[in-house]
Amino acid sequence: MLDPITELEPRKKDYTIDAVARALALLEALGEHPGQGVSELARTLGLTKSIVFRLLYTLEERGFVSRDEDRTIYSLGYRVGVLGERVGRDGTLMHVAPPMMDTLRDQTGENVNLVVRQGYDSVALATREGYNSIRLYAKPGRKGPLHAGGGSLLMFAFADEELIEEVLSQPLQSYTPYTITDPEKVRQVLGRIRRQGYNVSLNDLDDGAFSIAAPIRDAGGRVIAGLSIAGAMVRFDEERRENYLAAVIKAADAISSKLAFR
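Residues numbered from 1 in each chain as written. Predicted model: local features only at pLDDT ≥ 70, side-chain atom pairs only at ≥ 80, totals over all residues. Heavy atoms only, no water.

(A) Structural view of the overall build of the chain. When its secondary structure is counted, the chain shows 10 helices and eight strands. Counting across all 262 residues of the chain, residues that qualify as buried make up 43%. Taking the intrachain contacts of the chain between residues at least 6 apart in sequence as the baseline, contacts between residues at least 24 apart amount to 56%. Total accessible area on the chain is roughly 14700 Å²; 51% of this is exposed by carbon and sulfur atoms. (Helix = DSSP H or I, 4+ residues; strand = E, 2+ residues; numbered from the N terminus. Buried < 20%, exposed > 50% of the residue type's maximum accessible area, 1.4 Å probe, protein only. Contact = heavy atoms within 4.5 Å. Areas by Shrake-Rupley, 256 points an atom, 1.4 Å probe, with all protein chains shown as cover.)

(B) View of the pairing of strand E4 (residues 121-128). As judged from the seven bridges shared by strand E3 (residues 111-118) and E4, these two strands associate in the antiparallel manner. Considered in E4, the bridge of Asn113 is made with Thr127. Connecting E3 to the next strand, E4, in antiparallel fashion are two residues, including Gly119 with a positive phi near 65 degrees. Bridging between E4 and strand E5 (residues 143-144) involves two bridges; their strand directions are antiparallel. The partner of Ser122 across the bridge, within E5, is Gly144. (Pairing = 2+ DSSP bridges.)

(C) Here's a closer look at the packing of helix H8 (residues 161-168) against helix H9 (residues 183-196). Across the interface, H8 lies against H9 with an axial gap of 10 Å and an inter-helix angle of 150 degrees. Overall, the two elements H8 and H9 adopt an arrangement that is roughly antiparallel. Judged by the sense of rotation from one axis to the other, the crossing of H8 with H9 is right-handed. The residues of H9 that touch H8, namely those facing Ile164, Glu165 and Leu168, are Pro183, Val186, Arg187, Leu190 and Arg194. Residue composition of the contact of H8 with H9, by class: five nonpolar, no polar and three charged. (Axes fitted to C-alpha atoms, helices over the stretch in contact; angles between N-to-C directions. Parallel < 35°, antiparallel > 145°, perpendicular 65-115°, else oblique. Left-handed = near helix turned anticlockwise from the far one by under 90°. Nonpolar A, V, L, I, M, F, W, Y, C, P; charged D, E, K, R; others polar.)

(D) Region of interest: the sheet that holds E5. The strand order across the open sheet built from six strands is E5-E4-E3-E8-E7-E6, with neighbouring strands paired in antiparallel fashion. Each having just a single partner strand, E5 and strand E6 (199-202) make up the two edges of the open sheet. Judged from the nine bridges that link them, strand E7 (residues 209-217) and strand E8 (residues 223-232) form a sheet pairing that is antiparallel. Bridge assignment links Arg217 to a residue of E8, and that residue is Val223. In the packing of helix H6 (residues 93-108) onto the sheet, contacts are made with E3, E4, E7 and E8, and the angle to E4 comes to roughly 65 degrees.

(E) Region of the structure containing the packing of helix H7 (residues 150-157) against H9. For the pair H7 and H9, interaxial distance at closest approach is 9 Å and the crossing angle is 85 degrees. When the axes of H7 and H9 are compared, the pair comes out roughly perpendicular. Between H7 and H9, the residues in contact are Leu153, Leu154, Phe156 and Ala157 and Val186, Val189, Leu190, Ile193 and Arg194, respectively. Per-class residue counts for the contact of H7 with H9 are eight nonpolar, no polar and one charged.

(F) How the structure looks around H6. With 16 residues, H6 should reach 22 Å at 1.5 Å per residue; the first-to-last C-alpha distance of 22 Å fits that figure. Here H6 has its buried residues at Leu93, Val96, Ala97, Pro98, Met100, Met101, Leu104, Arg105 and Thr108. Within two residues after H6, Gly109 carries a phi angle of roughly 75 degrees, on the positive side. (Expected span 1.5 Å × (residues − 1).)

All quantities given are derived from atomic positions and should not be read as evidence of function.
Shown next as C-alpha cells:
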C-alpha cells in the first residue's frame with residue numbers, strides 16, 4: 001500500500017513541491033494497480049476527489065494517464081512508455097542490466113533482483129522470476145527495509161554515514177526470528193559487507209529464503225544499485241553458495257563495466 005501522505009510530510013530543508021509529489025504518487029499508484037477510478041485513487045492517496053480529478057486531467061492532457069471513457073477508470077498513458085524507452089536508449093542502468101539479469105536467471109534458475117535505495121527504503125527496480133517450483137518473487141516497485149535482505153543491506157552498507165546513523169537511531173522492525181535489530185550488530189554487518197564487497201543474507205527478511213547480492217557501480221565507482229540472486233533455503237547448499245556468489249559478482253561487475261564505458 002502506498003503511503004503518499006507520509007512522503008508529503010514536511011522535513012528539514014524540504015524543497016519539494018506538493019503538487020508534483022502528489023502527481024508522482026498518483027502515477028505510482030496507477031503503475032501498481034491500473035484501472036482505478038477517482039474515488040479509489042482518492043482513498044489510496046489520502047487526497048480529496050477534487051484534487052485527484054485535477055491531477056488526472058492534467059496528466060491525461062500530457063499523455064501520462066489514459067482514461068477508459070466507458071468505465072471512467074484510469075491507467076498509465078503512452079508518455080510513460082516513451083520516457084522509459086528514452087531512458088533505455090540513453091544507455092543507463094535499465095538498459096544495461098536486463099540482459100545480464102536474464103543470463104543470471106538462466107544460469108541459476110533462481111529469482112534475480114535489481115535493487116536501489118530510495119531514501120530510507122530499498123526498492124526493487126527490476127526482477128526476473130526463477131524457474132523453480134518454490135518461488136520468492138518481488139515485483140518491480142516493491143519497497144523494503146534497509147536493515148534486512150540481500151540487496152537492501154548491500155545498499156545500506158554503501159549509504160552515507162549520516163543516513164546509516166539516522167536509520168539505526170530508530171527502532172528496527174523484525175521480520176523473522178533471524179532479523180538483526182540491534183543497531184551495533186547491524187553496524188558490524190555493514191562493515192563486513194563493505195570489506196568483502198558482497199552480501200549473503202539468510203532468513204532475515206523472508207524466513208526460509210536466501211539472497212546473495214553484489215554492488216553495481218557507476219563510472220566514478222559509486223555504488224548505485226545491487227544485483228541479487230534469491231531463492232528458497234531448501235535449495236541452498238555450499239556448492240550453490242559459491243557458484244551463485246561468483247555468478248552474481250561477475251554479472252554485477254559486467255554491468256558496472258558497461259556503465260563506465262558508456
